[in-house]
Amino acid sequence: MTDVAVAGGGLIGLAVAWQAARRGLSVTVVDDAPGTGASAAAAGMLAPVTEAGYREEPLLRLGLASLARWPAFAAELEAAAGRPVGLRTVGTLVVGFDDDDVRQLDALHAFQLELGLAAERLTPRAARRREPSLTPRVRGGLLVSGDHSVDGRAVHAALLAAAEATGVELVRDRVAELAVDGGRAAGLRLAGGRTVAAGSVVLALGARSGQLPGVPPLPVRPVKGQILRLAGADGLLDGTVRALVRGRQVYLVPYGGDRLVVGATTEDRGFDPTVTAGGVHDLLHDAIDVVPGITELELVETLARWRPGTPDNAPLLGPSSLPGLVLATGHHRNGVLLTPVTAEAVAGLLAGGALPEVATPFSADRFRRD
């Protein structure tokens, strides 16, 4: 019997497992293909300020708290894994392509200032000085020096190495069912017939978290995103560029020396894995409008995956309605950003502590009906 069984070996599941093992707990992670879900598609933006949304102030505070943890988290992870995670701390530039886009930028900037966030409005010329590859047609910019990025796939590989080095057992099998005994989560039943008995179970199955038999009803749904990866981008961009192009959003995130992520669509289409011609066209069209040099790059990968969405776009953290079952899911667009704070909060809870104050607004209780 293990102290903790983690259902899901993506970024969140592995980070929780690693942090729990560092606290002296025995941990088993179950996933038949770790890192091939949303973690494989993530662009790696650490951008709570540029992601700030109206009426989402608690999520903003959680994101800022996690962003503050990222430098130490990355350093500890690299030391434990012996490999880099590609943390880039050069900031994020948001640009608008036409007058309507610039009006949206102005509204975002006003909201950021109202919340006391650090963001600098830039003229078109200043934006192009910051990123010379931008088209002269850009009408304005917004610089958020504190919003960074990381290579999501490199983080996953490092977490896998660090977790196993810390004694976490990885079982490569599909989780078939939550084992419940006496009204309490008691482990995981696997597709291969084995049962992993555990004192506590962590649900970190991303968009499929609400579909596992035995789990109480959870408001987690798949939100499809199509994403592109390009090669040959060395020197094209210094940092992340997020753009509004005739009302549509596109982001361009450099990583790995000469690579660039372009994403991402947002579609409520269930678990549809299709990469569509229209999705690829829209992403490339908008990205090329903003950075014309993209036309010379090699398109090396197209991918569709599913963000774990919730009704308020915020995660589910902490105890569930079923004793013994702990939630670490529903991170929607912010899974990479929220990895450190989620891992710390959930591992601390598993080790006998309480959720930190910044995480308490994200209990599943907020969706229960009286």
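Our structure's up above, just so we're on the same page.
Residues numbered from 1 in each chain as written. Predicted model: local features only at pLDDT ≥ 70, side-chain atom pairs only at ≥ 80, totals over all residues. Heavy atoms only, no water.

Caption draft 1: Local environment of the pattern of salt bridges. A full pass over the atoms with the stated rule returns 20 salt bridges. For the salt bridge of arginine 242 with glutamate 51, the shortest nitrogen-to-oxygen distance reads 3.1 Å. With a gap of 191 residues between them, arginine 242 in strand β13 (residues 240–245) and glutamate 51 in the loop between β3 (45–46) and α3 (57–81) connect regions that are remote in the sequence. In this structure, the salt-bridge partner of aspartate 258 is arginine 259, at a minimum N-O distance of 3.4 Å. For aspartate 258, a relative accessible area of 29% corresponds to the partly exposed category. The network of salt bridges with common partners includes Lys224, Glu267, Arg269 and Asp272. (Salt bridge = Lys/Arg side-chain N within 4 Å of Asp/Glu carboxyl O. Helix = DSSP H or I, 4+ residues; strand = E, 2+ residues; numbered from the N terminus. Buried < 20%, exposed > 50% of the residue type's maximum accessible area, 1.4 Å probe, protein only.)

Caption draft 2: Inspection of helix α7 (residues 277–290) at higher detail. With 14 residues, α7 should reach 20 Å at 1.5 Å per residue; the first-to-last C-alpha distance of 20 Å fits that figure. The set of residues buried in α7 consists of Gly279, Val280, Leu283, Asp286, Ala287, Asp289 and Val290. In this fold, the buried residues of α7 make contact with β4 (92–96), β12 (221–231), β13, β14 (248–255), β15 (259–263) and β16 (298–309). (Expected span 1.5 Å × (residues − 1). Contact = heavy atoms within 4.5 Å.)

Caption draft 3: The arrangement of the sheet that holds β15 in detail. Spatial ordering of the open sheet is given by β5-β6-β4-β13-β14-β15-β12-β16, a layout of eight strands whose pairing is mixed. Here the strands that pair on one side only, and so sit at the sheet edges, are β5 (120–122) and β16. On average, each strand axis in the sheet is tilted by 20° relative to the strand beside it, whichever way the strands run. Contacts from helix α4 (residues 99–114) reach β4, β5, β6 (140–144) and β13 within the one sheet, and its direction differs from that of β6 by about 30°. Most of the contacts of α7 go to β12, to which it runs at about 55°, and overall it touches β4, β12, β13, β14, β15 and β16. (Pairing = 2+ DSSP bridges. Axes fitted to C-alpha atoms, helices over the stretch in contact; angles between N-to-C directions.)

Caption draft 4: Main features of α3. For α3, built from 25 residues, the straight-helix expectation of 36 Å at 1.5 Å per residue is met to within 8% by its first-to-last C-alpha distance of 34 Å. Taking the largest bend as the criterion, α3 deviates by roughly 45°, centred on tryptophan 70, and proline proline 71 comes between one and four positions later. Taken together, the buried positions of α3 are occupied by Leu59, Leu60, Leu62, Gly63, Ala65, Ser66, Leu67, Trp70, Phe73, Ala74, Leu77 and Ala81. Two residues or fewer after α3 comes glycine 82, characterised by a positive phi angle close to 70°. (Bend = angle between axes of the 7 residues up to and from the residue.)

Caption draft 5: Fine view of unusual backbone geometry. The peptide bond linking glycine 263 to alanine 264 adopts the cis configuration, its omega dihedral lying at -20°. Among the structural elements, alanine 264 can be located in the loop between β15 and α7. Within the chain, arginine 246 stands out as a residue other than glycine whose phi angle is a positive 50°. Take arginine 246: it is sitting in the loop between β13 and β14. If you check the backbone angles, asparagine 313 has positive phi at about 65° while not being a glycine. In this fold, asparagine 313 is placed in the loop between β16 and β17 (316–319).

Caption draft 6: Representation of the packing of aromatic side chains in the model. The full count for this structure, using the stated rule, is four aromatic pairs. With centroids separated by 5.8 Å and ring planes inclined at 70°, the aromatic side chains of tryptophan 18 and phenylalanine 73 adopt a geometry described as edge-to-face. Note that tryptophan 18 is positioned in helix α1 (residues 11–22) and phenylalanine 73 in helix α3, a separation of 55 residues in sequence. Just as tryptophan 18 is buried, phenylalanine 73 falls in that class too. With a centroid separation of 5.2 Å and an interplanar angle of 80°, the aromatic rings of tryptophan 70 and phenylalanine 73 are classed as edge-to-face. With a gap of three residues between them, tryptophan 70 and phenylalanine 73 both fall in helix α3, about one helical turn apart. (Phe/Tyr/Trp six-rings, centres within 6.5 Å; stacked < 30°, edge-to-face > 60°.)

Caption draft 7: Representation of the packing of α3 against helix α6 (residues 152–165) within the structure. For the pair α3 and α6, the least separation of the axes is 8 Å and the interaxial angle reads 55°. Judged on the interaxial angle alone, α6 and α3 are oblique. Like other packed secondary-structure pairs, α3 and α6 cross with a definite hand, here left-handed. Across the interface between the two elements, Trp70, Phe73, Leu77, Ala80 and Ala81 of α3 pack against Val155, Ala158, Leu159, Ala161 and Ala162 of α6. Here the contact of α3 with α6 is composed, by residue class, of 10 nonpolar, no polar and no charged. (Parallel < 35°, antiparallel > 145°, perpendicular 65-115°, else oblique. Left-handed = near helix turned anticlockwise from the far one by under 90°. Nonpolar A, V, L, I, M, F, W, Y, C, P; charged D, E, K, R; others polar.)

Caption draft 8: Region of interest: the side chain of arginine 229. Within the secondary structure, arginine 229 is located in strand β12. Judged by relative accessible area, which is 3%, arginine 229 ranks as buried. In this structure the side chain of arginine 229 is engaged in a polar contact, spanning 3.3 Å, whose partner is the backbone oxygen of alanine 42. In this structure arginine 229 touches Ala40, Ala41, Ala42, Arg153, Tyr255, Leu260, Val261, Glu298, Leu299, Val300 and Glu301, once residues within four positions along its chain are discounted. (Polar contact = N/O pair within 3.5 Å; in protein donor to acceptor, adjacent residues only side chain to side chain.)

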